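Chains, contacts and geometry: an overview
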Amino acid sequence: MSHKEFRLYDTLSKRVKPLETQEPGHLRFYSCGPTVYSYTHIGNFRSFLTSDLVVRTAMALGWRVTWVCNITDVGHLTQDSFADAAGEDKMARALHSKEGERFHNVWELAEYYTEAYKQDWRQLNLVEPTIRPKATQHVREQILAAEDLIAKGFAYETPTGVYYSVEAFPDYGKLSGNTQENLRKGVRDVVQDDNKRESADFAVWKKDDKHLMQWFSPYGWGFPGWHIECSVMARAYLGDTLDLHSGGEDNIFPHHECEIAQSEALTGKPFSNHWLHTRFLQVNGEKMAKSAGNFYTVRGLMEKGFDPLAIRLALMGGVYGKPLNFTDQGLIDAMGNLERLRRAWTLAEAAAANASGEDTLGQTMSVLYSEALDAMCDNLNTSVALAKALEGAKLIAREGESMSAETARSAAEFLSQINELLGIIRSESGVAPTVAAPSGPSDAEIDALVEARNAAKKSKNFAAADQLRNELDALGIELRDSPAGTTWVRKISL
RNA sequence: GGUGCCGUGCCCAAGUGGCCCAAGGGGACGGUCUGCAAAACCGUUAUUCGGCGGUUCGAAUCCGCCCGGCACCUCCA
């Protein structure tokens, strides 16, 4: 096991500190997954990618990781007030929207988007979590937790549900930096529920016999509050105290604040020793929103011709702790870098059959890998880690085809290690990127034109050859001549 | 009103007290290669870090004020 120290920013203590495991060499880690009422967008995936990189770094250090990443398949409220009145929730709204028409019920809708999410997950080459529990599979424990919270004096029943009494938990606010006083003042124009003791009190259970998903409880028909599912599932799979808990920055408040209040009230122990939050992703300088038409999904970008690993690379260009501006140009840049890394690997593999000789890269490659791992251990500095990877690729390319077999082996070893750590060169999932063939000429048609140009070149009819090259360019085809022949790629149009 | 984050070259983006006259990528420019291009490869491209003061032997990094941007405050990764 490596003795490198893995340091990460901790939202709770507001400083970078070593990630410590209660059991030596075994990380117990919980990540908040998506609500499956629509396609998971690349902003969501940025936060899952952060978790993936924590896991990869931990594994590179020789740790064992138990990673739980939940799926929220219960429709939670779009607005507090609506739920009581009309039972409208995110899932129900999705079902009644245009995209929802093809589903017979919310269960089918949740199932569909769960599958889509898992597919996109694999395309991005994210490590498979140890377990992906679904909220709906743990409703019984959520009801038991509600009962226990009432018994312990942290929650109370009203005509509309079971509510957590924020006042009973003095630490409420410790994660987000809010004080209860400020929270009280700051509550926006939310419709007040007079049954609640405090406006800041939050639902553990909602009574609602009209809801599309409902379960029977000691409080009658209804459904669990959003925050209780994570408290319950984290405890079920990882124990009372987690080593690390992660999510998007918007989870800090209220979600994680409420999880802490519930879990610590239930167990009397710290809920998590380390809190990790990924900043939001902006798209071309703007907040990503369906209404703005910049709601990017993995599958959507792949349809435009982007390789999923280029999406991954683009998401890793900046560090997780700062907002990242995801741009079209950034994606194009990433496509280029991806090609460069792959070319270096192909080159190294081909050169493995070369004559034996001095290993001119071994030393440098191991230093570069070590520096990349150091960067990851330094609060997941993906920018620097990526820079080290590209520097290595550059050195390999410089050695060229004639490198010795030993050099080639060192080069391949480096790229393989980098790929394991960063997941950016070749997908481990075995899923072939299903990059859709864009509209336009077929491969065969293009091949025919390329052949015609090659023939013209051979007979030194350069005017005709250039004419064909222009035609192909107009079709969005880029030609690449080399001594070994001509290849072509489709240029990506945004 | 409360809480937190950010402003680094034409663009994206690391670095948060001396290793920085600031990594890496893109772009641009020059070169090698090529029938010419493209691709590839090689090289060049910030005495400077939003502005103004201050602390310090030393600041992009700390403090103050100002300007600009963003997020959260019970829907959101």
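What comes next concerns the included structure. Just so you know, these numbers come straight off a predicted model, no measurement behind them.

A closer look at unusual backbone geometry
Negative phi characterises most residues that are not glycine, and trans characterises most peptide bonds. The linkage connecting Phe253 with the following residue, Pro254, adopts the cis geometry, with an omega of 5 degrees. Within the fold, Pro254 resides in helix α8 (residues 252–267). Located in the positive-phi region is Asn379, a residue other than glycine, with phi close to 60 degrees. Among the secondary structure elements, Asn379 is positioned in the loop between α12 (362–377) and α13 (382–399). Positive phi, normally seen in glycine, also occurs at Lys460, with a value near 60 degrees.

Structural notes on the sheet that holds strand β12 (residues 281–283)
Paired through backbone hydrogen bonds, the strands of a sheet run either parallel or antiparallel to each other. Strand order across the open sheet formed by 3 strands is β13-β12-β14, with mixed pairing between neighbours. Each edge of the open sheet is held by one strand with a lone partner, namely β13 (286–287) and β14 (324–326). Pairing analysis gives 3 bridges linking β12 to β14, with the strands arranged parallel. In the sheet register, Val283 faces β14, and the bridge partner there is Phe326.

Points about the packing of α12 against α13
Contact geometry for α12 and α13: axes closest at 7 Å, N-to-C directions at 165 degrees. With respect to each other, α12 and α13 are oriented roughly antiparallel. Where α12 crosses over α13, the two elements pack in a sense that is left-handed. Every residue of α13 that contacts α12 at Thr364, Met365, Leu368, Glu371, Ala372, Ala375 and Met376 is listed here: Thr382, Val384, Ala385, Lys388, Glu391, Gly392, Leu395 and Ile396. In the contact of α12 with α13, the residues fall into 9 nonpolar, 3 polar and 3 charged.

Looking at the state of the cysteines
All told, the structure shown has 0 disulfides when counted by the stated rule. Unpaired in this structure, Cys69 has its nearest cysteine sulfur neighbour in Cys32, at a distance of 8.3 Å.

Regarding empty space enclosed by the protein
Taken as a whole, this structure holds 2 cavities of 30 Å³ or more when the rule is applied. When its volume is computed, the largest cavity comes out at roughly 70 Å³. Lining the largest cavity, in full, are Arg46, Leu49, Thr50, Leu53, Leu315, Met316, Gly318, Val319, Tyr320, Leu380 and Thr382. Sorting elements by how many residues they give to the lining of the largest cavity places helix α1 (residues 42–60) first, with 4 residues. Of the residues assigned to the lining of the largest cavity, the class counts are 7 nonpolar, 3 polar and 1 charged.

Details of the packing of helix α5 (residues 139–151) against helix α7 (residues 226–238)
It is the contact of α5 with α7, at a shortest axis distance of 9 Å, that shows an interaxial angle of 105 degrees. Taken together, α5 and α7 sit at an angle that is classed as roughly perpendicular. Along the contact surface, α5 presents Glu141, Gln142, Ala145 and Leu149, while α7 presents Ile228, Glu229, Val232 and Ala236. A breakdown of the residues in the contact of α5 with α7 according to their chemical character gives 5 nonpolar, 1 polar and 2 charged.

Overview of α13
Under the 1.5 Å per step criterion, the end-to-end length of α13 is 26 Å for 18 residues, consistent within 8% with the ideal 26 Å. Of the residues making up α13, those classed as buried are Thr382, Ala385, Leu386, Lys388, Ala389, Leu390, Gly392, Ala393 and Ile396. Among the structural elements, α1, α10 (308–315), α11 (328–351), α12 and α14 (405–422) are those in contact with the buried residues of α13. After α13 finishes, the residue Gly400 shows a positive phi value of roughly 75 degrees.

Structural notes on the environment of Trp205
Along the polypeptide, Trp205 turns up in strand β7 (residues 202–207). C-alpha of Trp205 to C-alpha of Pro224: the two residues are 19 residues apart in sequence and 4.4 Å apart in space. A distance of 3.4 Å separates polar atoms of two side chains, one belonging to Trp205 and the other to Ser217.

Here's the deal with the pattern of salt bridges
In this structure the tally under the stated criterion is 29 salt bridges. In this structure, Lys134 engages Glu111 in a salt bridge whose closest nitrogen and oxygen atoms are separated by 3.7 Å. Highlighted residues: Lys134 in the loop between α4 (106–123) and α5 and Glu111 in helix α4, separated in sequence by 23 residues. According to the relative accessible area criterion, Lys134 is buried, its value standing at 19%. A relative accessible area of 40% places Glu111 in the partly exposed class. Among the salt bridges present, the one from Asp171 reaches Lys174, with a minimum N-O distance of 3.5 Å. Here Lys174 falls in the partly exposed class, since its relative accessible area comes to 28%.

Rules behind the numbers
- Residues numbered from 1 in each chain as written.
- Chains lettered and ligands numbered in written order.
- Predicted model: local features only at pLDDT ≥ 70, side-chain atom pairs only at ≥ 80, totals over all residues.
- Heavy atoms only, no water.
- Helix = DSSP H or I, 4+ residues; strand = E, 2+ residues; numbered from the N terminus.
- Pairing = 2+ DSSP bridges.
- Axes fitted to C-alpha atoms, helices over the stretch in contact; angles between N-to-C directions.
- Parallel < 35°, antiparallel > 145°, perpendicular 65-115°, else oblique.
- Left-handed = near helix turned anticlockwise from the far one by under 90°.
- Contact = heavy atoms within 4.5 Å.
- Nonpolar A, V, L, I, M, F, W, Y, C, P; charged D, E, K, R; others polar.
- Disulfide = S-S within 2.5 Å.
- 1 Å grid on protein atoms, 1.4 Å probe; cavity = no way out; pocket = protein on both sides within 12 Å on 5 of 7 lines; lining within 4 Å.
- Points joined across faces, edges and corners; volume = space filled by probe spheres on them.
- Expected span 1.5 Å × (residues − 1).
- Buried < 20%, exposed > 50% of the residue type's maximum accessible area, 1.4 Å probe, protein only.
- Polar contact = N/O pair within 3.5 Å; in protein donor to acceptor, adjacent residues only side chain to side chain.
- Salt bridge = Lys/Arg side-chain N within 4 Å of Asp/Glu carboxyl O.

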